[in-house]
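# Analysis of the macromolecular model
Listed below are the residues making up each chain.
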Amino acid sequence: MRYKLLIMLFTIAHYSMGQSLFNRWVGTDPFTGSVRSTAMGSTHLLNSSGSSNARFNPANLTSLGSLLGFDLQIDRLSMFERWSMPVRDSFGEFLTNADYVANEFSYYGFRGGVHGNINLLNLGKIGLGFHHAPLAHFTYHYLEEVRGSYQIEDGEYASKDPIVGYQELRTDGSLTISSFGSGMQLNVPGDIDLSLGGSIHFVQSTKDFGESISDRVQVDTLYSDVTNLSTYPYVHNTHEVPASSFMGFSAQLNLFSSIHVGASWEEKSISKTDINSFSIDSTSTLFQFWSDTSYVVLGVNYMKPEIISLALSFLSGLENMMSINFEYDKVSFGGHLNLKDYEQYKFGFEYVTSMGTPIRGGLTYQTPKLLSMSPVSMFTFGTGKTIRNMVVDVSGTYCFHSFSHPDLFPVEGDIRSDYDLVRESQLQLQLALSYRF
């Protein structure tokens, strides 16, 4: 039974939130929250902990149960990518997909903030919070080791396929966000708690943090023979992105202490340079780096999309508390960069054992935001530990994705019509420390 469950989970996670190849245009998911809510299926609206509520649900700042608290969090996202080409026999029949590139790269993110709340006599409570975190990053690293051929003479020792050079593409950089939120809890007759909140978010200029967006393309040959190498020129561009801002509002209704309902809205925000350009392949409908021999990616034109969220949580009143959570996100680009509006359906749970240890897990399903992509899903898990006034939380997410893409560094005279198969898995680990006075 355990093996059947594991097979089912990895089958569900077959379509994933990968596609880091397109980070240069769309960035990573702008809706990454606290460790606790991430472990519970990324249900950030009702389950965010600490100062992250200033970003996702300022109305919940009044329900954190402490006069003052602060939290620190570190995220590590590891990406593993393989590129394969189809191999056929002499009759043209498909044999297998042969790997020719295997890449691994990581991204580290740090976030944190403070929060607090006070009572307003018999009127209710008011909460305040500040949170600073990455909004999105544009990291993608591709390195291809190119092989050639060597004619071996009698008595000579040599490799039949020596390394003749390297082809490299790197994009780096990130945007950070500072959020200020405030919420008010209103006293309503009966077993009902109503909270309203608002927040303002400042997307920091990359110049202020020395985190410019950069592109680097390099074809490095070890010999004069460049038969198997692309002829693309060397590229090294950096771009400074100006500051921008957006607002958000949320509302939360707690019914009988066992049913929580929440809603939130974030407006869109565009961070772009004065000069920018992009190109889409008319055949694959995917973003492309090259047009003939010209690098067509210029500047930055990133949109933090508009997000509308609805959430519902059920909490049991038993000694071993159990919560079941559902969340729906509507993410809208409004036609920006030819991106599709997409939806996210999230499920998460938390079970607190008799020892007080939480067990968290969840699943997230997302419709595609690129025309030729499939729906995506992600498996989440985590736990935590309370030590007096300090809380330690850990979480992880895993997903796997595959899609077809043209050769990233085509060689002149290569006439094969088949696209390469790109397979990518992502593992994100998070650790958070929070302290409440």
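Notes on the structure follow. This structure is a prediction, so every number in the text was calculated from the model and none was measured. (Residues numbered from 1 in each chain as written. Predicted model: local features only at pLDDT ≥ 70, side-chain atom pairs only at ≥ 80, totals over all residues. Heavy atoms only, no water.)

## A short note on the overall build of the chain
Test applied: Strands here are runs of E lasting at least two residues and helices are runs of H or I lasting at least four, both read from the DSSP assignment and numbered beginning at the N terminus. Only protein chains enter the accessibility calculation, which uses a 1.4 Å probe; a residue is then buried when its area is under 20% of its type maximum, exposed when over 50%, and partly exposed in between. Only heavy atoms matter for contacts: two residues are in contact if any of them lie within 4.5 Å across the pair. A 1.4 Å probe and the Shrake-Rupley method give the accessible areas. Residues count as covered only by the protein chains that appear here. His is not counted, nor are the chain ends; Lys and Arg add positive charge and Asp and Glu add negative charge. Positions of charges follow a simple convention, taking NZ of Lys, CZ of Arg, CG of Asp or CD of Glu.
When you go through the chain residue by residue, the secondary structure sums to six helices and 22 strands. The proportion of buried residues among the 437 residues of the chain is 48%. For the chain, the proportion of contacts with a sequence separation of at least 24, taken over those separated by at least 6, is 69%. Looking at the chain as shown, the accessible area adds up to about 21,100 Å², and 60% of this sits on carbon and sulfur atoms. Here the chain contributes 28 positive and 43 negative side-chain charges, whose respective centroids are spaced 9 Å apart.

## With respect to the packing of aromatic side chains
Quick reminder of the rule: Planes of paired rings set the category: under 30 degrees apart is stacked, over 60 is edge-to-face and the rest tilted, where pairs are Phe, Tyr or Trp rings (Trp by its six-membered ring) whose centres lie within 6.5 Å.
In this structure the tally under the stated criterion is 24 aromatic pairs. Each ring, one from Phe-70 and one from Phe-437, has its centre 6.3 Å from the other, and the planes form 45°; the classification is tilted. Here Phe-70, found in strand β1 (residues 68-88), pairs with Phe-437, found in the segment after β22 (420-436); they are 367 residues apart in sequence, far enough to count as distant. Overall, Phe-70 belongs to the partly exposed group, its relative accessible area being 34%. Aromatic side chains Tyr-232 and Phe-409 sit 6.1 Å apart centroid to centroid with 50° between the ring planes, which places their arrangement in the tilted category. In this pair, Tyr-232 is assigned in the loop between β8 (213-221) and β9 (235-239) and Phe-409 in the loop between β21 (390-405) and β22, connecting sequence segments 177 residues apart. Assessed through its relative accessible area of 1%, Phe-409 is described here as buried.

## Re unusual backbone geometry
Phi at Thr-285 takes a positive value of approximately 60°, unusual for a residue other than glycine. Inspection of the secondary structure assignment puts Thr-285 in the loop between β12 (269-272) and β13 (290-291).

## Some thoughts on the environment of Tyr-100
For Tyr-100, the position within the fold is in strand β2 (residues 94-119). Each C-alpha atom, one on Tyr-100 and one on Gly-165, is 14 Å from the other, the two residues being 65 residues apart in sequence. In contact with Tyr-100, other than residues within four places in its own chain, are Trp-83, Ser-84, Met-85, Tyr-142, Glu-144, Asp-407 and Asp-420.

## Quick look at the pattern of salt bridges
Using the following cut-off: A side-chain nitrogen of Lys or Arg and a carboxyl oxygen of Asp or Glu constitute a salt bridge if their distance falls within 4 Å.
Across all of its chains, the model carries 14 salt bridges by this definition. Across the pair Asp-329 and Lys-346 runs a salt bridge, and its minimum N-O distance is 2.7 Å. You can see Asp-329 sitting in strand β17 (residues 322-332) and its partner Lys-346 sitting in strand β18 (residues 342-352), a full 17 residues away along the chain. Taken as a pair, Asp-329 and Lys-346 share a single burial class, namely buried.

## Brief notes about the sheet that holds β8
What counts, and what does not: Pairs of strands are assigned from DSSP output, requiring at least two bridges between the strands. Axes here mean lines fitted to C-alpha atoms, for a helix over just the part in contact, with angles spanning 0 to 180 degrees between N-to-C directions.
A sheet is described by the order of its strands in space; here four strands give the open sequence β4-β5-β8-β9, paired in antiparallel fashion. Single-partner strands in this sheet number two, and they are β4 (140-147) and β9. Within this sheet the neighbouring strands show an average axis-to-axis angle of 5°, counted without direction. In terms of strand pairing, strand β5 (residues 163-172) meets β8 through eight bridges, oriented antiparallel. The residue of β8 that forms the bridge with Tyr-166 is Asp-220.

## Re the nonpolar core
Test applied: In this text, buried Ala, Val, Leu, Ile, Met, Phe, Trp, Tyr and Cys residues form a nonpolar core when linked through side-chain atoms within 4.5 Å.
Counting residues in each nonpolar core, the largest one holds 36 residues, and the members touching the most others are Phe-22, Leu-169, Phe-289 and Leu-408. Among the elements of the structure, α2 (23-26), β1, β2 and β4 are those that each provide at least two residues to this core. No other element matches the three residues that β1 contributes to this core. In contact with Phe-22, other than residues within four places in its own chain, are Gly-27, Leu-286, Phe-287, Leu-370, Met-373, Phe-403 and His-405. Formed by 11 residues, the second largest nonpolar core is a distinct cluster that contains Ala-136, Phe-138, Val-203 and Ile-213.

That is the geometry; function is a separate question.
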